Each structure stands twice: as structure tokens, then as C-alpha cells.
Amino acid sequence: MLLQEIIRRKRDGETLEREEIQQLARGIATGSASDAQAAAFAMAVFFRGMSAGEAAELTLAMRDSGTVLRWHDLGLAGPILDKHSTGGVGDKVSLMLAPLIAACGGFVPMISGRGLGHTGGTLDKLDAIPGYGSQPRVEKFRRVVAGVGCAIIGQTADLAPADRRLYAIRDVTATVESIPLITSSILSKKLAAGLSGLVMDVKTGNGAFAETTAAAVDLARSIVSVAGQAGLPCSALITDMNEVLGWSAGNAVEVQEAVDYLSNSRRNERLHEVVFALGAELLLQSGLHPDTASARSAMQNALDRGEAAERFARMVAALGGPGDLCERPGAYLPRAPIVHPVYPMKKGVVRTVDTRAVGVMLVELGAGRKRASDAIDHAVGVTDFAGIGSPVDTETPLAMIHVRDPGAATWAEHKIRAAVHLSDAPPNAHPLILQRIAQQ
């Protein structure tokens, strides 16, 4: 069938057949489907949706558009595990969780993406590390996972190429927030990695694609269900994204925060809880630990003894980065020439944060992309961002802005003041982990 006829059928709300979905995925992977056709298909799905069966077929078709990894020949002594986040502002959880799980006996072949819309991407953060090869050949990827216990890379030409191309097109065509497309994008990469277990961090709030808890639950159920249809054990946590996760947002600044976390020098409590909650899911799901208390104890020991930091350092070195990044991050990570404090106009307590506005501001500064071809400025970002409930005044800043020029600093200062809302009294506490979704 002509590709335009398949697109027309979806545009008109019809249910696509397996062969049609496979043909479309092949066309996207090989280039026989044009950018315009891929974008039109994404827009049709955005407005018309897909059934669970269609989403599963799209997932499997994109998985099978390239290499599907197998691990049994390496004789690994633990399960193949991974985590994925739906995206947030300041979400650097993968940088800590992958080496932490590796230190606890799992093997983590993490295939990550670049930033989508106003949210940052793990791959963009790692590209801030000089020399880090985020797209190695498959055999090198396998060697690093086997030798170190974890490797965080981007999609290579071999792994789910249909998703790789569609992912970039969605980012610049306002079709990111589609549950079937998000589901198939995430799971096609994870299934191509040959996983035996997955945990999803589905974020909700004003900084997430799923702004309401109901929308996040719908997305989590879609991912968990489609994963089950594909034979992959999977659970999901719904986590809060109504403020920056951790103290920083950007690229190099988030790598710095991850290094601080792993080296036990500085640790944000909310970030720490998300890391441990997701890590416990994986350690229990895989049978590496029998209960939550045991899993958390193992992770804490791995941090305290420096084993997680060691895994991170070995991963960075094995993929071409500096061997002493954890000891001397300031010698390698790019720095913006201007670090400018943003003070509130009055004393108060942070009541709410327009987190999406913060993410959009970072994209405007160059920390994200407006077009798929845009280069990233890894040095710009924010640090020391005041969380909800934090007291601030004319001597205690809302955040520190890392920018290239004074004009950008002044512009970003206004944006942050507009995004952070103060009150006289501390706001009511809001939960960080809202719900858990498991396979039936």
C-alpha cells in the first residue's frame, strides 16, 4: 500500500493493520518515507490516537527495524535492567542510577535520548563530558556493559533506527505529547537493548508532558501494558515534576550535580528519594533483593563505599571520557563565563514554580534545541535552584544563572523571577511518589 494511504487511514481514525505499521516503520528507518510523511503520521497519531494493539505493533516494528541485542553469550552474572524517565527539568537520575544498580549486581545497557521540547536529555548531559563517546558500535557497547556493569549511550544506527528518526521529527513538530508515540518510542529502544526488567519514571506536574496525575497514570498504564505484551517485566512510578529535580538544570551543571551525589559531597533529598525509589523497584523486580529495606541498604552501602562512583568513573573512561572526571570535574566540564545570582524582590518562601517556563528558558539560552539540527551549549544552565518550601530573601538567591553574556543574564533573571512564586508561610507538603503501576 502507498505510505500516504496508510497515513490517510490513520488521519481518518481507522485502525492500522500489522503489515501497514511494519511498512511505515521500515519506510521511516530506511528513508523511503520522507520527513513530511513521518511528520504527517506523527500528527495523525497525535490527534487520532492508537489502540493498545496498534501501539504494541508499532513498538515491535520499530524494535525490529534494527539490531536486537542478546546477552546470553557473555555469561553475565546478573540481570539486564534499565530505567527510563518520561522527561523533566533537572532530571539527571539516570547518571546516578545506572552505576548504582551496576554496583548492586545488575547490568544496565541504557539507551537514552536527547532533549524533547522543554525537557533535558540524558545524552545531551553526557555530551558535556569531553571525549565521551555516546554512540559507540554495538560490540563496544556490549563490552562496556559486561566489563563495567553499565553504559549510557544514544541510539546508534543499529538500534531501533525507525524510532531514532521519528524521535527527532516529533521534537520539532509539536507531536511529543502523544501516549502511543511516547510508549512505542521508549519501549522500542528498551526492547532492542535486550532487557530482562524495566522501571519507568513517569513524571507529572507543570514541568512534565503529563501535567495531570490522570494523564501520567494513562501513560504509565500504556507503557506497562505494552511492555507486558512484548514479554518485558515492567513497573512504573508516578513522580512529581512541579519543581526542578535537584538543584541544577542544564547539561554540564547536571553532570556536576551527579558527580557530587555519587562522591557523597552534596546530595539533594528529593533527587535522592527518586533515585532510591526507582532503584528499589529494579532490585526487587529482578530478584537481586527480597524486600525494599534490603534493596535500599544495598544502594546506600554502594554509595557510602564509593562503589557507585567507581562504576560511573569506569563507564566514562571506557567510553572515551577522562579517567579522573569524578576527582576533577571542574577541569573538564565546560563552564559559562558568567554566573549570576537571581534574588527575589522580597522576602518569602517558595510556594510554586512554573517548571515548564524554566525549561523553556533553558532552551532559549541554548541548553536545548528549537530545531533538531541545533547545537547545544553545554555550559549554560541554572544551579542552586530554590525548591518549594525554601526560604529566600534579598541575600538568598532563587537560583544561580550560568550564561554567556550580561544580556542573557538579565533576560534569564526576569524569567526566573516570573516563574517562582512566593508566599509568607511554607506551603503544604506535596508527595514526591504519587502512585505505583504494576503489570497485572
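As the structure is a prediction and not an experimental result, all values here were calculated from the model.

**Quick notes on the sheet that holds strand S8 (residues 348-353)**
Piece 1. Pairing within the open sheet is antiparallel, and its three strands lie in the order S10-S8-S12. Two strands close off the open sheet at either side, each with one partner strand: strand S10 (391-392) and strand S12 (420-423).
Piece 2. Two strands pair when backbone bridges link them, and S8 and S10 are joined in this way by two bridges, in the antiparallel orientation. Note on S10: the bridge partner recorded for glycine 348 is valine 392.
Piece 3. Sheet strands in contact with helix H16 (residues 406-419) are S8 and S12, and its direction is about 50 degrees off that of S12.

**Description of the packing of helix H5 (residues 93-103) against helix H11 (residues 252-262)**
When two helices pack together, you describe them by how their axes are tilted relative to each other and by the distance separating the axes.
Piece 1. It is at 8 Å that the axes of H5 and H11 come closest, and there the two elements cross at 35 degrees. Crossing angle aside, the handedness with which H5 passes H11 is right-handed. For the pair H5 and H11, the contacting residues are Leu95, Met96 and Pro99 in the first and Glu254, Val255, Ala258, Tyr261 and Leu262 in the second.

**Some details on the sheet that holds strand S1 (residues 81-85)**
Piece 1. Strand order in this open sheet of four strands is S1-S4-S5-S13, and the pairing throughout is mixed. Unpaired on one side and paired on the other, S1 and strand S13 (433-438) mark the two borders of the sheet. This sheet shows a mean twist of 15 degrees between the axes of neighbouring strands, independent of strand direction.
Piece 2. Both strand S4 (residues 197-204) and strand S5 (residues 234-240) contribute to a ladder of seven bridges, which runs parallel. When the bridges of S5 are listed, methionine 200 appears paired with alanine 236.
Piece 3. Contacting S1 and S4, helix H9 (residues 179-192) crosses the sheet at an angle of about 160 degrees to S1.
Piece 4. Of the strands in this sheet, S4, S5 and S13 are in contact with helix H10 (residues 213-229), which crosses S5 at around 165 degrees.

**A few points about the packing of aromatic side chains**
Piece 1. Taken as a whole and assessed by the stated rule, the structure comprises two aromatic pairs.
Piece 2. Here phenylalanine 46 and phenylalanine 47 contribute two aromatic rings whose centre-to-centre distance is 5.2 Å and whose plane-to-plane angle is 85 degrees, an arrangement assigned as edge-to-face.
Piece 3. Ring geometry for tryptophan 71 and phenylalanine 141: centres 6.3 Å apart, planes at 75 degrees, overall edge-to-face. Here the residue tryptophan 71 occupies a position in the loop between helix H4 (52-63) and S1, and phenylalanine 141 occupies one in helix H7 (residues 138-148), the gap between them amounting to 70 residues.
Piece 4. With relative accessibility at 6%, the residue tryptophan 71 sits in the buried group.
Piece 5. Over the face of the ring belonging to tryptophan 71 we find arginine 142, whose NZ or CZ atom lies 5.8 Å from the ring centre.
Piece 6. Across from the ring centre of tryptophan 247, 3.9 Å away, lies the NZ or CZ of arginine 266, which sits over that ring.

About the thresholds
Residues numbered from 1 in each chain as written. Predicted model: local features only at pLDDT ≥ 70, side-chain atom pairs only at ≥ 80, totals over all residues. Heavy atoms only, no water. Pairing = 2+ DSSP bridges. Helix = DSSP H or I, 4+ residues; strand = E, 2+ residues; numbered from the N terminus. Contact = heavy atoms within 4.5 Å. Axes fitted to C-alpha atoms, helices over the stretch in contact; angles between N-to-C directions. Left-handed = near helix turned anticlockwise from the far one by under 90°. Phe/Tyr/Trp six-rings, centres within 6.5 Å; stacked < 30°, edge-to-face > 60°. Buried < 20%, exposed > 50% of the residue type's maximum accessible area, 1.4 Å probe, protein only. Lys NZ or Arg CZ within 6 Å of the ring centre and 35° of its normal.

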